[in-house]
Amino acid sequence: MKTSMNQSHRSVSFHKHSAAPMIALTIALTIALRTTLLITLSVSPYGLAASLQVTDYRGANIRLEKPAQRIIALAPHIVENLFSAGLGDRIVGTVEHSDYPEAAQALPRIGSATTYNLEKILALQPDLVIQWLSGSHITVTQQLERLKLPVYVDDPSTENDIMRSVRDFATLGGTTPFAQNAIKQFQHDMKTIPRPEHPRLEVFYQVWANPLMTVNGNHIISRILERCGGHNVFAALPARAPIVSLEALIKANPDVILIEAQATPSAIQAYPWSHITLLKAVSAQRIVKIDRNILVRPTFRIAEGTQRVCTQLRRTALQ
């Protein structure tokens, strides 16, 4: 009997001893699992709703319960930046002239950058609408929000703004890692553009010939010119895309005139300033063609546009 009890005691003692490491292991695994779950929730786009919250360019907080799956982009540059954010396949509708990248050309159209068809927008059942502030009135935003549609108002005008927009789009779509890679590439591309060493050149950028239209200092084109050793002769005007007179252009007397790359010789001959040799740019034949879309649209393609402008201004300065 005593032997049996001793055997029983030894058996119990053995189980207690062997259970200790198992309990410790269980506790460790539980803590690890909870930690992993908390980390996952904090970074996963399908986790905490707070991770899907951003502030748009009017200062409004945009919050989604889950990553956007059906997005409407109400400007061509928004389409490009959505593709840069890894969300091109979630765009269900856009506006005229949304032609880049090539896949954007097949997207359904719901109007222009200034006039939208609200019925078409509703029919596409979007869970996020991204609107361009400079291209539409605030009442349009209010109309969309009254229809219970989440609206992000976008208005980038600097390199940092472009990166912010792409980052915000990725946050709302749950594609942050993809966007971060695109942003790093853009930063690298901009850093590799050499700084100018030539004297500053006065530049007139022509948006439109009739009426004569340009941009002011708040436009991203002006910042590109400054980076490339140029200065926008109409930077001080209050409107972002002002109409200027021929007299004002003659008075400004730019060293260089930038025009649309697709301008034909006959079209250039028809420009109101083309025969005015009082203009330094005309007399010296410093008329430079540049693709408008890689300058006007605030997208990552401005790295390419900046490179081209810098190259052209450098060549012009050396003439």
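Refer to the structure presented above.
So, how was this worked out
Positions within a chain are numbered from 1, following the residues in the order the chain's sequence is written. A pLDDT threshold of at least 70 governs which residues receive local features in this predicted model, and a stricter bar of 80 or more applies before side-chain atom pairs are shown or counted, although totals over entire chains, interfaces and linings include all residues. In computing side-chain properties, one takes all heavy atoms of the structure into account and sets aside hydrogens as well as water. Exposure classes here rest on a 1.4 Å probe applied to the protein chains alone. A residue is buried below 20% of its type maximum, exposed above 50%, and partly exposed in between. Only DSSP runs of H or I covering at least 4 residues are called helices, and only runs of E covering at least 2 are called strands; the numbering of each starts at the N terminus. Two strands form a pair only when DSSP identifies at least two bridges running between them. If you view a crossover with the strands going away from you and the path from the first strand over the helix to the second runs clockwise, you call it right-handed. For every element, the axis is a line fit to its C-alpha atoms; helices are fit only across the contacting stretch, and the angle between N-to-C directions ranges from 0 to 180 degrees. Note on terminology: disulfide denotes any pair of cysteine sulfur atoms within 2.5 Å. Note that the term roughly parallel is reserved for angles under 35 degrees, roughly antiparallel for angles over 145, roughly perpendicular for angles of 65 to 115, and oblique for everything else. It only takes one pair of heavy atoms within 4.5 Å for two residues to be counted as in contact. Ten residues, namely Ala, Val, Leu, Ile, Met, Phe, Trp, Tyr, Cys and Pro, are considered nonpolar, four, namely Asp, Glu, Lys and Arg, are considered charged, and the remaining ones, Gly among them, are considered polar.

Let's talk about the pairing of strand E7 (residues 201–205)
Put simply, side chains in a regular strand alternate between the two faces of the sheet.
Point 1. Most of E7 sits inside the fold, with four of its five residues counted as buried.
Point 2. Bridging between E7 and strand E8 (residues 230–232) involves three bridges; their strand directions are parallel. For Leu 201, the partnering residue across the bridge sits in E8 and is Gly 230.
Point 3. Read from E7 through helix H7 (residues 220–227) to E8, the crossover connection turns out right-handed.

Quick notes on the sheet that holds strand E10 (residues 287–290)
In sheet architecture, strand pairing relies on hydrogen bonds along the backbone and comes in two forms, parallel and antiparallel.
Point 1. The strand order E8-E7-E9-E10 describes an open sheet built from four strands, whose pairing is parallel. Lying at the two open borders of the sheet, with one neighbouring strand each, are E8 and E10. Between one strand axis and the next, the sheet turns through 35 degrees on average, direction left out of account.
Point 2. Pairing analysis gives three bridges linking E7 to strand E9 (residues 256–260), with the strands arranged parallel.

A word on the state of the cysteines
Point 1. Following the criterion strictly, the structure yields one disulfide and no others.
Point 2. The partner cysteine of Cys 228 in its disulfide is Cys 310, sulfur to sulfur 2.0 Å. Taking the sign of the S-S torsion, about -80 degrees here, the bridge from Cys 228 to Cys 310 comes out left-handed. With Cys 228 in the loop between H7 and E8 and Cys 310 in helix H12 (residues 302–318), the pair connects residues that are 82 residues apart, well separated along the chain.

Quick notes on the packing of helix H6 (residues 176–191) against H12
Point 1. Direction vectors running N to C along H6 and H12 enclose 5 degrees, while the axes themselves pass 9 Å from each other. Viewed along their axes, H6 and H12 adopt a mutual orientation that is roughly parallel. Taking contact as the criterion, the partners of Phe 186, Asp 189 and Met 190 in H6 are, on H12, Ile 302, Ala 303 and Thr 306.
Point 2. Within the contact of H6 with H12, the residues separate by chemical class into four nonpolar, one polar and one charged.

Read these as spatial facts, not as claims about activity.
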